[in-house]
Structure formats: C-alpha cells, structure tokens
Amino acid sequence: KYEDRSPASHQDLLLVRCALAPLGTREGAESTKVICFDRVGEVIRLSPSKLSTTLGSFVAAELLGVRVLGLVATDGPTRVLRFILMQKEVTPSSVIGNAMRETIYPVPSFISTESSSIPQDEQSRHERVLSAASETSRLLNTGRILNEFAATREAFFGIGGCKSSGQYEQRKCSYGVGDEFSCKLVFSGFIFSIIDSSPSELAVLSLHDIEAFASWNTLGKDYAKTKLTVGWIQLDNHCPNAPYPVAFSPSRGKNFDGNDIHGKPFSLKIPFLEVQVDVAPRHRTGIRVLSAAVIMRNLSIFLDLAFIMRVQRFLLGVQDNLIGAIGGTNWNFIDSQEVWEHPDIEGLIRQKIARGKDIGMKTIFIQRLSIMPCSVRLSVAPVRTLTKYQEQFEGKESSAIHAAVRKGDLLVGEGSGVIGVKLGSKNRTALAVVRGMMKSILVDALLRCDGASLNFEGVALWNHLSNKEQLTTYLGAHYLASLISNVPALLGSLAAFGNPVGLIRDLGDGMSDFVNEPMKGFKKSIQEMDPSFVMSGVARGTGSLARHTLGGVADSAAMLTETAAKNMAVLTLDRKYAQRRDRVMRLKNNRTRADFVGGFESGLLKLVHGILEGVTGVVSKPIRGAERNGVEGFAKGVGKGLLGLLVKPVIGATDAITDTLIGVKESVDGMNPQHDIETLQTQVRPRRALYGVDRAIRNYRLDDATAATIQARSRLGGEEYLSHVDMTQNVALMSVRKLLIFSGNGEEVLLLPYKMITKVETHEGADRYSVKIYLKEPKPDGTD
C-alpha cells in the first residue's frame, strides 16, 4: 500500500478535518474543511446552512449569513484551534447554491441511509443542533454576531466570545499579521577596568567575540528566541607581585591552537559560553513558558587570597555606595535607638493572599532546561610579599591586607564579607608568636593547591512547573552537591600532600598513551602495509609513559620540599629573611632556562645563600637587636641568630632540592610540544597608569601604561607616574618628583630630582627638537 508513496511531511502530519456533522452523513461530508496546525493564523469557514437535513430548509436559509470561523492560535507553547461565529454577506450565488444542493446532489454511497428509528444519541445531537441554530438566529437578528475581522481578532487572542473561564487577562490590541523582528549584534569585545578607592587598578575583566541574536513577533504568534555567545572571558589580576597574572580564563586544552598566540590570542575554536532562551507565547493562565540551554566550556581559575580579599573589599564598597544612593533607611541594627511603628499585620496578610492569586506572575513552566557539565581547574598560590615601593604605591590598607594574609590572620564568617582579615595584629608574647607561626603554616597548607580538577554535573529539567525561588534553590543545591563530591579531589591536590591527584593523573595519562599509541600505529601499519608505524607507536607510548611518570614524581616531590622550606622559613622568626626569600622568583616561573642544568645551578646558589644567611645572622641579629631594644633586644637577637644558623642552611638545601626537581620536571616536559599550554597566560593589557599626586584617572593609553609599569620596576618605584617622552634613542620617565632617562637597551642613564633643576629651554631645529636642562650649582660642602 505504501510502497511507492513518499514519506509524509510535517504539514501532512498536522492536518485536521473539521465538520459540523458526523463524517458518515451527507451533511458532514459537505461541511468538512481541512486545516493545518503547522502555521499560526490558518483559518477555515464552516457553513451551518449545509445542515439542511437536520435544520430544515427554512432555518438553513436563515443561516446563510453565518459562518463558523476556525483559527489556529497559540496558548503558551501549544497550538489551539478556536471557533467563533462570524457574519458573512449573503449573495445570490449562495442562495442558489443552497437550493440546488437539496434538489440535484444525490446522497453518496458511503453515507448511511436514514432509518425510521433514530438512536438516542443521534436524537440528542439533533436537539442540540436545533437549539444552537435557534440561538444563532437570535444573535444574528439582534446584530450580536461579529464581522470577520473582529471575530478573527477575538479567536486569535482568546478574548470575547473565545475567552476561557481560566483566562488571565484581556489583551487590548488589534489583530493582524503581526510584525516579525530580528536583531543581531556583533561586538569584538568589551573591557572593564576595576579600580578601588586607593585608587589603583585591581583587575581587568574582558569579554571577546560577543554575538547576540533575538527574534520575536509583535502579536506573539511564535516563540521569542534569544541567543548569546561569548567567545572568551578573562579576568586579569593586576595586584603587584601576583603569583598568577590571569585569575580566570577558559581552559585552552585540546581546543587551543598554539598558532593563535600570534594571530588572535583570546579565542577558541568553540565559543566559551552559549546561552539560548526561547519564550513561548503567553498562556491563558499567565504562566510564562520557556526553554533554555546553557553551554559553558571548561575553565581555569588561578587565585591568591590577597586578590580575593581586595576584590571582596571593592564589591562591599560598591554595595555601600549603592545603598547610600538609594537610601539606607531599611538597614537598621538591633542596638539602634530608632523607634519603629507597629506593622499592619492584616494588611500584610491581605497583600500576601492577593499575591498568591496571581500565580501566573510567579510560576514558570520550563519545557526544557539544559545546563551542560563543565570542569574547573583550580590553582591557589600563597601571597607574595610587597616591596617597600609597592607598599607605598598601593596604600596602607591594601598593604595591610597583603601582610595579614601572609600571616594567616583570616576571619571566616565575621564582618561584612565571606572572609575577613585582622589588620595590624602583632604577636607580643611567646604564645602569640607560636600561635601565629602555626596559623601561617596551617593557612598555607590548606589554601595552596595546584591544578585541582573540579567536575560539575549538568542539569536537565523537562516539563517542570516552578517559580523563581524554587528554581534558584534547586540549582544551588545541585551545584553545592557537586562541589561536595569534589572535596576528595580538592584535598588530594593540596601542595602540602604533594598533589597526589596530579601524580595519579600524570601516571594515568602516561599509561593511556602507552596502550593507545601502539594500537594507533598498528592500525596505521595495516592500512599502509608498513610495519614502521608500529615501532613508531611503541616508541611514542613508551616515551609518554616515562615522561609522565618521571615528571609527575618530580613535580610532586618538588611541592613537598617547597612546602617544607616555606614552613621552615616561618620557624626562623626572621620576617625580613622570609620576605627576601619570597621575592626571589622560583625557577619554574623563569621560562628562560627551565632545564636540569638551570635547576641545579639555581639550587646551588640558594644553598650557598642559605648558609651565608645562617652564618651572618649569628652576628648581625644580636647587634641589630641591641641597637633597637638594648639588652632585651640583644638576647632576642642571639636566639634568632642561633635558630637561623640551624634552620637557614637546611632551608637552602631544601630549596636546592626543589629547584633541581623542578629542572627535571621542565626538562622532561620540554620534550612534549604540547606541555604547559595552560601556563601560556597573557594579560589583555598592562596595568592602568594613574596620573599625578592625586592619581587622576584618564582614558586608557597603552604607552602610558607601559611606561608606568617600567617605572614601578625602576628606581622610581613607589612614586606617582606623571608622564613620559619617547626620544627615539632614549626614553624619559617623569614621576611627580624625579626624572629618569633610559637608554635604548634599557639601562638607567640619568636620575634627576626636579629640585636640582633651575630652568628648561626647548629649541627647534631643522629636523629635531632639543631640550636644555639647567641645574643648580653645588654648594661649597659638595651637597646639592
């Protein structure tokens, strides 16, 4: 039967037959019309005058000016077919056609003939049809049946004669085809600069390759669709001495093409974030019906506590300013002396009941909600000490935050933020010293991890009726459960334990390559009939296993020795020694020579440095203590010197082992062309320059930002930036008090305070400008 027929189309499957009488009768066959649900706005017109057998010729003639209009409309996400009576002009052709139908057209053979005995259900149908015809005739004579345009409008919007008992609201708009709108916005990117009250730039948030698309119909005939894609999101950490220059970015992984670094550095083959929301037309109950999908790629987060604390302080400051702008009258404390009026309990109850009736304004029907799973790579590093110049530039409060975080003076659940710090605390007793040492060691052990992999499961909801509060609670509980399930992986990635999870991951990758690479070579050999591919696969698999095993063990051991050395530095009770050691860049952050030889050389230098620090401290510490606090200071200095003599050489030896192991790890990883893709982090731009003593904020200039970054690392560090001049061969940096000139190779040629200058003259030549600076004569005693 269906052998030579083509498959049914979507429209064929949505065809519906409508009639005013059973299809097995002549009236049903003549009054049948076909309508398709595929398109909103399709109409059919059924003629009651064709029911002449049931109604009689006289009544059928009276209904020649009436039609039953059927229209495909929407009710939320569903298509509905609404019927309504409409007037139609009676023409002579319609009268003649109705009369001829009764006399000429025979009864089709498939229609059952009339019998003398009418079944009871058929008798009931006849009575209902006659009653409806009588009511229709009365409405027609009184002019209460609408014309075609008005009837179509009421059927489309479900108002008037088509209004259901559960109808939510009546739309006051005219029916028509409706305007179709679509909008597409494409942006290359946005950059947001986050500046605190110091002022200094904390971070830079950048969004790249943004596309937004929306389409809708003014009459709500179909879904309103919106889609947002973001190619790349990155948060740069601009705090000084930050261990990681980038705090948040997508994981490049296999989707990252190394060649993009020279082409388009902030991009992925697949967009990082895709959000699509489809809103159905309004349901008659007022319940909003929507479908949503969120796809977020894997991301990497690199943090340190000082950055978290400073960003938290910035956000709390923004919150306080917003509260002050809108009025903070609702923010009262228990110990305030304000007298509150008694609340209107009855009014609140009535308001609550009234809100409960408007279920449509609160309830959301989710046809489909899909949030794809994602993986987060988390790394947390200890805070590095600020230099003297950096402390001056960042301000007292920011410098105090860095110092407090380094000492471990954290307050969880106290204050306005999630995490607080105790600023300006000092250990004045022996017990306080010991407590501070243990606290610093504990904080460093618990808040230092390298590459912890956190996997968050996706969300899938189908035909779910909820409201905003319930949906928020469900999503929060879901991701909290996912986070709790990642606690073992998080603990296993702590540097205090040597990152055993990372070691196991490296061993697993190596073993996987050891098995898969020979299999790939074997398949290639069969295809090409060349056995050399098998040998190549075995070599690649064996090399990968050895590389991952040796590199993973070396990296894990380096973390253990580094943690031990850092904790021993705290035990020396020599804060300046710990700060000097902290400022030395670790070998793995110096990519210029990351190999075994470089690691061994760096380790040997640190061993010698540790021995010298221990020996010289025996002499220098008592002298310095006596100069400050007399006999008591001398006694403390002797204790610190002897303790340093025992501990500092051990720290030097441990640092030597650490750098050697890091050199081994880097030498092994250097054989892999894909190694350390995640560490190829580049900030979007240098830190913003702030001008003058007042640190004025101006439009961003890349040349000024670069000059201010160079100034912070020179002898002008700690001073406010003013300006710079590119002199082709040299560069002049000007702070608020001094002038510094650099040569073409970056050497500092001249440092000149402004107070030594008497006047400045400029001369314009044929092809160049020249500047003459006149200095004050030195005083007879040789001073300025």
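1. Side note on the overall build of the protein
Argument step 1. A count of helices and strands for the protein gives 20 helices and 24 strands.
Argument step 2. Each of the 784 residues in the protein was classed as buried or not, and the buried ones make up 37%.
Argument step 3. Considering only residue pairs separated by 6 or more positions, the protein has 63% of its internal contacts joining residues 24 or more positions apart.
Argument step 4. Summed over its atoms, the accessible surface of the protein is roughly 46,200 Å², and 60% of this surface lies on carbon and sulfur atoms.

2. Quick look at the pattern of salt bridges
Argument step 1. Enumeration according to the criterion identifies 18 salt bridges in this entry.
Argument step 2. Where Lys 759 meets Glu 761, a salt bridge forms, and the shortest distance between an N and an O atom there is 3.3 Å.
Argument step 3. Look at Lys 759 and you get partly exposed, because its relative accessible area is 42%.
Argument step 4. Its relative accessible area of 25% is what places Glu 761 among the partly exposed residues.
Argument step 5. Taken together, the shared-partner salt bridges connect Asp 196, Arg 310, Arg 313, Glu 394, Glu 397 and Arg 687 into one network.

3. Re helix α7 (residues 148-157)
Side chains three or four residues apart in an α-helix point the same way, a direct result of the helix having 3.6 residues per turn.
Argument step 1. Considered for burial, the residues of α7 that qualify are Ala 151, Thr 152, Glu 154, Ala 155, Phe 156 and Phe 157.
Argument step 2. Just past α7, the residue Gly 158 takes up positive phi, approximately 70 degrees.

4. What about the packing of aromatic side chains?
Given two aromatic rings, their pairing is described by the distance between the two centres and the angle made by the two planes.
Argument step 1. Overall, the coordinates contain eight aromatic pairs when judged by the stated rule.
Argument step 2. A centroid spacing of 5.7 Å and a plane angle of 20 degrees characterise the contact between Phe 181 and Trp 216, whose relative ring orientation is stacked. Taken together, the residues span a long stretch of sequence, with Phe 181 in strand β6 (residues 180-195) and Trp 216 in strand β7 (residues 201-217) at a distance of 35 residues.
Argument step 3. Judged by relative accessible area, Phe 181 falls into the partly exposed class, the value being 39%.
Argument step 4. Take Trp 216: its relative accessible area is 37%, and that puts it in the partly exposed class.

5. Here's the deal with the sheet that holds strand β22 (residues 748-753)
Argument step 1. Within the open sheet, the four strands sit side by side as β19-β20-β21-β22. Their pairing is antiparallel. Of all strands in the sheet, those with a lone pairing partner are β19 (721-726) and β22, marking the two edges. The average angle at which neighbouring strand axes cross in this sheet is 15 degrees, direction not considered.
Argument step 2. In this structure, strand β21 (residues 738-742) lies alongside β22, joined through five bridges in antiparallel fashion. Residue pairing in the sheet places Leu 740 in a bridge with Leu 751 of β22.

6. Details of the side chain of Arg 695
Argument step 1. Relative to the assigned elements, Arg 695 resides in the loop between α19 (596-669) and α20 (702-712).
Argument step 2. A polar atom in the side chain of Arg 695 sits 2.3 Å from the backbone oxygen of Phe 393.
Argument step 3. Among all residues touching Arg 695, those that are not within four sequence positions of it are Ser 198, Pro 199, Ser 200, Gln 392, Phe 393, Glu 394, Leu 690 and Glu 720.

7. Some details on helix α16 (residues 500-528)
Argument step 1. The terminal C-alpha atoms of α16 lie 42 Å apart, and with 29 residues this matches the ideal 42 Å at 1.5 Å per residue to within 8%.
Argument step 2. Taken as a whole, α16 has its buried residues at Gly 502, Asp 506, Gly 510, Glu 517, Pro 518, Gly 521 and Ser 525.
Argument step 3. Where α16 terminates, the next one or two residues include Met 529, which has phi positive at roughly 55 degrees.

8. Describing the sheet that holds strand β5 (residues 78-87)
The strands making up a sheet associate through backbone hydrogen bonding, with each pair oriented either parallel or antiparallel.
Argument step 1. The three strands lie next to each other as β3-β4-β5, forming an open sheet whose pairing is antiparallel. Edge positions in the open sheet fall to β3 (43-46) and β5, since each of these has one partner strand only. Going across the sheet, the axis of each strand differs from the next one's by a mean of 25 degrees, ignoring polarity.
Argument step 2. Sheet strands in contact with α7 are β3, β4 (66-75) and β5, and its direction is about 155 degrees off that of β5.

9. Some words on the pairing of β21
Argument step 1. Within β21, four of the five residues are buried, which leaves the element mostly enclosed by the surrounding structure.
Argument step 2. Sheet topology note: the strand β20 (residues 731-735)/β21 ladder contains four bridges and is antiparallel. Counted as the bridge partner of Met 734 is Leu 739 from β21.
Argument step 3. Here β20 folds back onto β21 in antiparallel fashion, the turn holding two residues.
Argument step 4. In this antiparallel pair of consecutive strands, β21 and β22, the connection spans five residues, and Gly 746 shows a positive phi of 90 degrees.

10. Observations regarding a positive patch on the surface
Argument step 1. Together, Lys 576, Arg 624, Arg 628 and Lys 640 make up a positively charged patch on the protein surface.
Argument step 2. No other element matches α19, which puts three residues into the positive patch.
Argument step 3. Examined against the element boundaries, Lys 640 turns out to sit in helix α19.
Argument step 4. By relative accessible area, which is 37% here, Lys 640 ends up partly exposed.

11. What to know about unusual backbone geometry
Argument step 1. Ser 198 connects to Pro 199 through a cis peptide bond whose omega is 0 degrees.
Argument step 2. Note that Pro 199 resides in the loop between β6 and β7.
Argument step 3. The backbone phi angle of Asp 209 is positive, close to 55 degrees, even though this residue is not glycine.
Argument step 4. Unlike most non-glycine residues, Arg 695 shows phi in positive territory, near 55 degrees.
Argument step 5. In this structure Arg 695 comes out as buried when scored by relative accessible area, which is 9%.

12. Quick look at the nonpolar core
Argument step 1. Counting residues in each nonpolar core, the largest one holds 28 residues, and the members touching the most others are Phe 307 and Leu 378.
Argument step 2. Elements with a minimum of two residues in this core: β7, β8 (224-237), β12 (299-304), β14 (374-381) and β17 (449-456).
Argument step 3. Once residues within four sequence positions are removed from consideration, Phe 307 is found in contact with Leu 202, Ala 203, Leu 235, Asn 237, Cys 239 and Ala 247.
Argument step 4. In terms of nonpolar packing, the next biggest core, distinct from the first, is built from twelve residues, Ala 73, Phe 156, Ile 159 and Leu 219 among them.

13. Digging into a nonpolar patch on the surface
Argument step 1. A cluster of nonpolar side chains, contributed by Ile 611, Val 615, Val 618, Val 619, Ile 623, Phe 634, Val 638, Leu 642 and Leu 645, occupies part of the molecular surface with about 710 Å² of accessible area.
Argument step 2. Here Val 619 shows up in helix α19.

14. Some details on the pairing of β6
Argument step 1. Across 15 bridges, the pairing between β6 and β7 is antiparallel. Bridging from a neighbouring strand, Phe 187 pairs with Ile 210 of β7.
Argument step 2. Hairpin connection between β6 and β7: a loop of five residues separates the two successive antiparallel strands.

15. Re the environment of Gly 65
Argument step 1. Within the secondary structure, Gly 65 is located in the loop between α4 (57-62) and β4.
Argument step 2. Ignoring anything within four residues of it in the chain, the contact list for Gly 65 reads Met 86, Gln 87, Lys 88, Val 90 and Leu 140.

16. Describing the environment of Ala 212
Argument step 1. Among the structural elements, Ala 212 can be located in strand β7.
Argument step 2. With 29 residues separating them along the chain, Ala 212 and Cys 183 place their C-alpha atoms 7.9 Å apart.
Argument step 3. Sequence-distant contacts of Ala 212, defined by excluding residues within four places in its chain, comprise Cys 183, Lys 184, Leu 185, Lys 227 and Leu 228.

17. A closer look at the confidence of the model for the protein
Argument step 1. For the protein, per-residue confidence averages 78 on the pLDDT scale, and residues scoring 70 or more make up 78% of the total.
Argument step 2. Confidence drops under pLDDT 50 across residues 254-263; counting only partners more than four residues distant or on other chains, this segment forms nine contacts.

Cut-off values and rules
Residues numbered from 1 in each chain as written. Predicted model: local features only at pLDDT ≥ 70, side-chain atom pairs only at ≥ 80, totals over all residues. Heavy atoms only, no water. Helix = DSSP H or I, 4+ residues; strand = E, 2+ residues; numbered from the N terminus. Buried < 20%, exposed > 50% of the residue type's maximum accessible area, 1.4 Å probe, protein only. Contact = heavy atoms within 4.5 Å. Areas by Shrake-Rupley, 256 points an atom, 1.4 Å probe, with all protein chains shown as cover. Salt bridge = Lys/Arg side-chain N within 4 Å of Asp/Glu carboxyl O. Phe/Tyr/Trp six-rings, centres within 6.5 Å; stacked < 30°, edge-to-face > 60°. Pairing = 2+ DSSP bridges. Axes fitted to C-alpha atoms, helices over the stretch in contact; angles between N-to-C directions. Polar contact = N/O pair within 3.5 Å; in protein donor to acceptor, adjacent residues only side chain to side chain. Expected span 1.5 Å × (residues − 1). Patch = residues over 30% accessible without salt bridge, like charges linked within 9 Å, V, L, I, M, F, W, Y side chains within 5 Å. Lys, Arg positive; Asp, Glu negative; His and termini not counted. Charge placed at Lys NZ, Arg CZ, Asp CG, Glu CD. Core = buried A, V, L, I, M, F, W, Y, C linked by side-chain atoms within 4.5 Å. pLDDT = per-residue confidence, 0-100.

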